[in-house]
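Now for the letters of each chain:
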Amino acid sequence: MSRSEPILKVENITKSFGTAHILKGVDLELPKGGIKILIGPSGGGKSTLLQCLNCLVTPDSGTIWFNGSVVDIQKSKELYAFRQQVGMIFQDFNLFDHLTALDNIIIALCKVKKKNKQQAKERAMVELEQVGLSDKGHLYPAELSGGQKQRVAIARALAMDPKVLLLDEPTSALDPELVGEVVAVIRSLAQKGMTMIMATHQISLIRNLADEILFMKDGLIAEQGTPRELLGAGVCTLSQGFCDKLNEITGEEI
Amino acid sequence: MFESLTVIKDALPYLLKGSFATGGIVLGAMLIGLTLGVLMACGMVYGRRWVRWVVGFYIWFFQGVPVLVLLFLFYFGLFNYLGFNFTAFTSVTIVLGMTTAAYQANIFRGAILSLPIGQFKAANALGMSNVQAIIHIVLPQVLRISIPAWSNEFSIILKDSALAFVIGAPEIMARTQFVASRTYQHLPLYITAGLIYFVLTWSGVKGLRALENKVRIPGYSHQGK
């Protein structure tokens, strides 16, 4: 496979909830190792798009290619196998509340990847170490801070060896002083070449990590381009205006 | 007075033997109720339209008809008609089990609905099938949440099991009535029977409370000091 061939590609994704048309035909190509960042106003369809990419929300129409072949989402087995290879990070972490941090990671390794308990445990420890939580494995989600929870969630996703990571506002539910630790983990993933698509309002991530910014509005991708093209000095784009607004709130310099 | 005590002393071993039958009925009924209740709750929440309709009908029927009527309906009616040769003990266990299943289904359904949907999505996102997500993620939490309501159901079924005496299952109430009708010592004997039920209910509820504390998820305490 050439480097430029997309690992994940979707065409003409549409989704309505009742009379609300959330996605109106979105096309997207994610090259291996690429990082795309979704920005845009609330209700623009970012979360729905991300959840359509691994069919947590079933699109009304559209086609998904993974690694060059079409994913038949009607076939449960094919869908489950596809989802294994696409990790997802949620805004509100969604750790399994009844399991310790370690068991949160182990359970999918055992039940989905069919690893034995010992192998799964070793792998889980490696991933916890990567996110700097090797001493917190025995704690339950309710005993962790928001930033720690999100780092466990990232470790849990990475343990499945995903080819692509979908991140749905990974820092939006965190206290400001906890954002940094999660951003650091995401940055180190980017350095290791992880393919990612992320919705975020975190200016530093938008600016520094994105290969391409996708500005979503009213269920469509309204603008797309590199950070330089969309946020460079003197340009007048929707993205620029949106980031200016974020800056006014956070006081950060672009 | 002295005579009453003698009667109680003589009858007590015989009555207590009845608590094995009572215990068996309650245990069997609660297990039937647990199994059917969990399946029906999942059917109500995750099932297709026809599944929800069937479960809804079942619950409507068993909630709407008195237990005694159900007991007669099944023991003298349906089981006979179908040619099942169930003993009184088995029949009572099945009927109480099917009745409590209707109530337990709603207990578990409420618990499922109280879980945030995100955990189910996270399980799916990791590649778990819906059935795996239900078994490994939803049910372990739902069963924990349901213990307090389930212990209500336990004490109700324990006391409803006394109805078994009308079709002649040899449990506490049937034995008490048998002795009372021979000795005419109704008051002391029924007080004794009541006390046996009381002790059984109390220890069962106490045990479930201990279980609730044992499986409580750390960090989720609602309890005062």
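Please read all numbers here as calculations on a predicted model, not as lab measurements. (Residues numbered from 1 in each chain as written. Chains lettered and ligands numbered in written order. Predicted model: local features only at pLDDT ≥ 70, side-chain atom pairs only at ≥ 80, totals over all residues.)

Draft legend 1. Molecular detail of the overall build of chain A. Helix and strand content of chain A: 9 helices and 10 strands. Its C-alpha radius of gyration of 18 Å places chain A within 12% of the 18 Å reference for a compact globule of 254 residues. A burial count over chain A gives 46% of its 254 residues as buried. Put simply, of all contacts in chain A between residues at least 6 apart along the chain, 64% involve residues at least 24 apart. (Helix = DSSP H or I, 4+ residues; strand = E, 2+ residues; numbered from the N terminus. Rg over C-alpha atoms; globule rule 2.2 N^0.38 Å. Buried ≥ 20, exposed ≤ 12 C-beta atoms within 10 Å, placed from the backbone. Contact = placed C-beta atoms within 7 Å.)

Draft legend 2. The arrangement of the sheet that holds strand S4 (residues 61-66) of chain A in detail. Residues and elements named next belong to chain A. Taking strand neighbours across the sheet as the criterion, the 4 strands line up as S2-S1-S4-S5 in an open arrangement whose pairing is antiparallel. The open sheet terminates on both sides in strands that have one partner only, identified here as strand S2 (20-31) and strand S5 (69-70). Where strand S1 (residues 6-17) lies against S4, 5 bridges are found, and the strand directions are antiparallel. Paired with valine 10 across the two strands is isoleucine 64, which belongs to S4. Sheet strands touched by helix H1 (residues 46-53): S1 and S2. Its angle to S1, the strand with the most contacts, is close to 125 degrees. (Pairing = 2+ DSSP bridges. Axes fitted to C-alpha atoms, helices over the stretch in contact; angles between N-to-C directions.)

Draft legend 3. Broad picture of the pairing of strand S8 (residues 195-199) of chain A. All names here are of chain A. Most of S8 sits out of view: 5 of its 5 residues are buried. The alternating pattern of S8 places Thr195, Ile197 and Ala199 and Met196 and Met198 on opposite faces, both of which are buried. The pairing of strand S7 (residues 164-168) with S8 spans 5 bridges and is parallel. Note on S8: the bridge partner recorded for aspartate 168 is alanine 199.

Draft legend 4. Here's a closer look at helix H4 (residues 117-130) of chain A. Residues and elements named next belong to chain A. Between its terminal C-alpha atoms H4 stretches 20 Å, which fits the 20 Å expected from 14 residues at 1.5 Å a residue. Along H4, the residues that are buried comprise Ala120, Arg123, Ala124, Glu127 and Leu128. Down the axis of H4, the sector holding all buried residues measures 140 degrees, keeping them to one side. Counted as exposed and oriented over 90 degrees from the buried face of H4: Gln118 and Glu122. Buried residues along H4 sit in contact with helix H3 (101-111) and helix H5 (146-158). Residue glycine 132 follows H4 closely and has a positive phi angle near 75 degrees. (Expected span 1.5 Å × (residues − 1). Arc of directions from axis to C-beta.)

Draft legend 5. Spotlight on the environment of Met125(A). Residue and element names in this part refer to chain A. With respect to the helices and strands, the residue methionine 125 is situated in helix H4. Considering only alpha carbons, one finds methionine 125 and leucine 102, 23 residues apart in sequence, at a separation of 7.2 Å. Setting aside chain neighbours within four positions, we find methionine 125 in contact with Ser134 and Gly137.

Draft legend 6. Spotlight on the nonpolar core. Ranked by size, the top nonpolar core spans 130 residues in total, and within it Ile37(A), Leu38(A), Leu49(A) and Leu166(A) carry the most contacts. Per-element accounting of this core gives the leading share, 13 residues, to helix H1 (residues 2-46) of chain B. Those residues within four positions of Leu166(A) in sequence are excluded, and the remaining contacts are Leu50(A), Leu53(A), Asn54(A), Val86(A), Gly87(A), Met88(A) and Ile197(A). (Core = buried A, V, L, I, M, F, W, Y, C linked by C-beta atoms within 7 Å.)

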